[in-house]
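These are the residues of each chain, in order.
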Amino acid sequence: MSRRVVVTGLGAVCGLGLDWQTVWEGLCEGRSAIRGWQPPGVDDFPVRYAAPVDDAAFAARYGADEDPGPVERRVRFGLAAAGQALADAGLAAGGDGAWTAGRIGTAVGSGVPERDPLELLPALGEDGQPSWQALYARRDRLDRASGLFCTNDALAAGIAARHRLRGPALNFSTACAGATHAIGHGFRMIRRGEVDAMVVGGADSVLNLPTMTGLHLLGAPSTSELFGDRLCRAFDRDRSGLVAAEGAAMLVLESEESARRRGAIVYAEVAGFGSSLDAYQVTAPHPDGVGAALAMRRALADGGVAPEAVDSVNAHGTSTPLNDPIETRAIKDVFAGGEHYRKLAVTANKTMLGHLIAAAGAPELIATVLSVRDGIVPPTLNLENPDPACDLDYVPDKARHQEVSVAVSNSFGFGGLNASLVVRGYDD
Amino acid sequence: MTTDLPSTNPSDELHDDPNPRTPHTPGTSGTGFDPDAIVVTGIGAVLPTGRGPEALWSAWRQAQPALSPYRDPYVRTRKISHFGHVPDALQEESRDSVPHKLRKFGTPFTFNAVLAAQDAMAAAGESWQQVPEERRGLYVAQDDSTDLSAAAFHKALDNARTDHSPEAGVNLTRLVAEAFGNAATFNPFTVIRALNNNTLALISIAQRFRGDCAAFVQDAGAALGALQRAAFTLREGTCDTALVVGAGSYNEPLKLAAQYRAGHLTPGGPDGAALRSFDAERDGTVLAEGAVALVLERAGDAAARGARPLVTFLGAALRPAVDSGVGPSALAEGPRGLLAEHGLTPDTLGAVLADGKGTVRHDAAEAELLRALLKDSGVLVGSLRPVTGTLGAAGPLAELALAPHLFATGELPPIAHLRTPPDDGTDFVMGAPRKRRIDSVLSLHSTFNGFAGALLAQRPHTD
């Protein structure tokens, strides 16, 4: 069985907004969620900018849904986005036969659970050595948000429990490609007929002291203060590292047959998925972009889409010194025929959203879906001095109105993981 | 390391099944060769029982648990009585199997995974190496253990502790920040080690995999997800071989503390019988560590290169246990659906490998599930758990790794330490191995975080 798979529901929570409509509007208007940031309780952390979710606004909007509340930020964001997406798709728990028959599942990409180092302090005994006895004796000092209560798969379990989804529930953990992997495998499951619909996407929050410290020591986030909140400069000569963000985005993918039967509104069709491994280095992509190119080629072949049919690429575009020229090289390689790469509108949403790490591919796929639906390619901000090695049309500064029949969305991760999705307009 | 399986019929030393049944040959094994069937052609294991599936089988068959008193250089406690430690010498072999330049990115259990992968690939035969790197899929199940542990943070925590504030506060936060900001006290690779795709990355680089991939973190359910996706991509033709690896360790202070708080851990059990699956006197599980790797291929491809299929993987199910976390109604959905999908009924199964964590609650729920699922079918039920402990992501793969031995020997080892099983009609194997032709195996799993699943395997076609 091979079925067409369509997008029928969207949900997003990130620094740019607390629903997908606001996020899309922000992207089209070129608004940035990046602002001055410091970890809680610290005022001179070397990473000065990030794209956090507005806590007060989130609590005001979703606080009522938090009883009994999940404890981690990423899980709270993910549940909110999943609820949005299901409501947007017109699906209500228990209201559909497929629901109880286990034909609707979930697949999410997750980052590591939040583990504040302070929670480990009680693990030190009086002699200064880590001691489980000490940890247990002082357990009352640990709040419910501590690592004792967090697991990586909490979001998948939470979505299934809250919405009583009885189909497969999968938790992908593939670093910055996590959400794209989850979406891709969910797409395959529907196409193959394993399920009728999937709630797919990702959620993450790395805006805490230990994770950001580790990322900083690896040299991943930019510490520059030269450009203020215009720090994320994908494909620009002056780019200096990623700008971390937090949030979640979820999509409801559904078989065309199921969507038609329900009379659901279809945003676009997911046509193909491809993934690959660099097998090169843990912390650096292959310099020739062979893994990235392989993922894009596989996604196009999977969808039966010729490279010449693609109008736009939603790039991984991290604003790191390594990623941007290598991704450019990979795009030029895949779309070399007839120099089609010259015709592509390539956009880097991270210049506005920041890098949502494990969740990154999900809001970017939503943007890709809406690009196809609305015929708008969001801009790449802050591209003032293009890197000579980055010589594609990155849609600088302002969104572009143009027909987008087919688009590709890329996500690449630590460890040499690459994943690409192909989206095309749905015409019934 | 090769898989050396006996090819003769069950030994006469075994206890004959009092209710022998007509051998059943489900699926393709009785109807002919199916080139699209998914078969396992290589197995590697690094477990508390030692290296390789034979060590695991031997320990299981002899009912010799590989659980030992808990030990860790950073965690001193008497509340964690036992643990399924990978032996120190084997742990060193694992580390030595990882290229030196990659070691700084890995953790001990990641190293176990690399060695298990290496062994599985070797067992799959030399011709397996001819599969192009781009056509090798890699699907990894990793435990939710991270290196963000007391061990990793030791120096930073020690520095921070110079402030003797009784409560964690702003000043303490500041001290921690300073300690963490100093590369001399904080290993910059800690975050990489903490990434849950760490195992995937290291194996792909060390063993040259460039094909389709995925990594899952979902306790034992992660292995079921990885198996499902691997089989799926093989059937779709997205790759020509798929390595499925499950690896992890529960030896992390926060995880141990969480499990203890939840009342899941045994205080030690009488007579050193730490983990007593399904026994009336069970009092908790024993956590463990280890890695298992399986090479999967389409049967036609395996035959074409002359590889010996060890087991046919039919499928896996993984569902949220929506009702109660471990409720039997939710647990039953997976195995029932799986059996139905392959035209099997419970009474045609050769054996059921139960999870049998050894906790009062999990085993009670599973016993109820077994009764509901098997009724009076007479199917034998065993459990590996008392031998290996609760393995997490490697658990389901360990059971699949044992299936070839079950098929070859026709015996199901006893559940170690089981003296008083539930009196509900389920045929738990006790005391000595039971002899019976086994053509299919159903293994059941539940996780600590609300998922339940099963996997189904059968004797491969070997003409």
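Residues numbered from 1 in each chain as written. Chains lettered and ligands numbered in written order. Predicted model: local features only at pLDDT ≥ 70, side-chain atom pairs only at ≥ 80, totals over all residues. Heavy atoms only, no water.

Student: How should I be thinking about the overall build of chain B in this particular structure?
Tutor: Secondary structure assignment for chain B yields 14 helices and 17 strands. Residues counted as buried form 65% of the 463 residues belonging to chain B. When contacts within chain B are restricted to residue pairs at least 6 apart in sequence, long-range pairs at least 24 apart make up 80% of them. (Helix = DSSP H or I, 4+ residues; strand = E, 2+ residues; numbered from the N terminus. Buried < 20%, exposed > 50% of the residue type's maximum accessible area, 1.4 Å probe, protein only. Contact = heavy atoms within 4.5 Å.)

Student: Help me understand the nonpolar core in this model?
Tutor: One broad trend across soluble globular proteins is that nonpolar side chains are buried collectively. With 200 residues, the main nonpolar core has Leu251(A), Leu253(A), Leu243(B), Leu294(B) and Leu296(B) as its most contacted residues. Those residues in contact with Leu251(A) that lie beyond four places of it in its chain are Val7(A), Gly9(A), Leu10(A), Ala85(A), Ile183(A), Met198(A), Val199(A), Val200(A), Ala362(A), Leu365(A), Ile366(A) and Val369(A). Residues Ala234(A), Val310(A), Val313(A) and Val334(A) belong to the second largest nonpolar core, which totals 28 residues. (Core = buried A, V, L, I, M, F, W, Y, C linked by side-chain atoms within 4.5 Å.)

Student: Could you clarify how one ought to interpret the pairing of strand S8 (residues 241-249) of chain B in this entry?
Tutor: Side-chain direction in a regular strand flips from residue to residue, so the side chains alternate between the two faces of the sheet. All names here are of chain B. Burial runs high along S8: nine of the nine residues are buried. The alternating pattern of S8 places Thr241, Leu243, Val245, Ala247 and Ser249 on one face and Ala242, Val244, Gly246 and Gly248 on the opposite face, and all of these are buried. As judged from the seven bridges shared by strand S6 (residues 136-142) and S8, these two strands associate in the parallel manner. Counted as the bridge partner of Leu138 is Leu243 from S8. Here S8 runs beside strand S9 (residues 289-298); their pairing, made up of nine bridges, is antiparallel. Its bridge partner being in S9, Ala242 is matched across the sheet by Leu296. (Pairing = 2+ DSSP bridges.)

Student: Please explain helix H7 (residues 198-207) of chain B as it appears in this structure.
Tutor: Residue pairs three or four apart in sequence face the same way in an α-helix, which turns once every 3.6 residues. Of all ten residues in H7(B), nine are buried; the element is thus mostly enclosed. Of the positions making up H7(B), those classed as buried are Asn198(B), Thr199(B), Leu200(B), Ala201(B), Leu202(B), Ile203(B), Ser204(B), Ile205(B) and Gln207(B).

Student: In this structure, what is going on with the confidence of the model for chain A? I would like to understand it.
Tutor: Parts of the model with low pLDDT should not have their predicted coordinates read in detail. With 87% of its residues at a pLDDT of at least 70, chain A reaches an overall mean of 89. Residue range residues 142-148 of chain A is modelled with pLDDT below 50. Its contacts to residues more than four positions away, or to other chains, number 21 contacts. (pLDDT = per-residue confidence, 0-100.)

Student: Please clarify how the pairing of strand S13 (residues 406-413) of chain A should be interpreted in this entry.
Tutor: Residues and elements named next belong to chain A. The element S13 is extensively covered by neighbouring structure, given that eight of its eight residues are classed as buried. Across the two faces of S13 the burial is the same, with Val406, Val408, Asn410 and Phe412 and Ala407, Ser409, Ser411 and Gly413 all buried. As judged from the three bridges shared by strand S9 (residues 312-314) and S13, these two strands associate in the parallel manner. Its bridge partner lying in S13, Val313 is registered against Val408.

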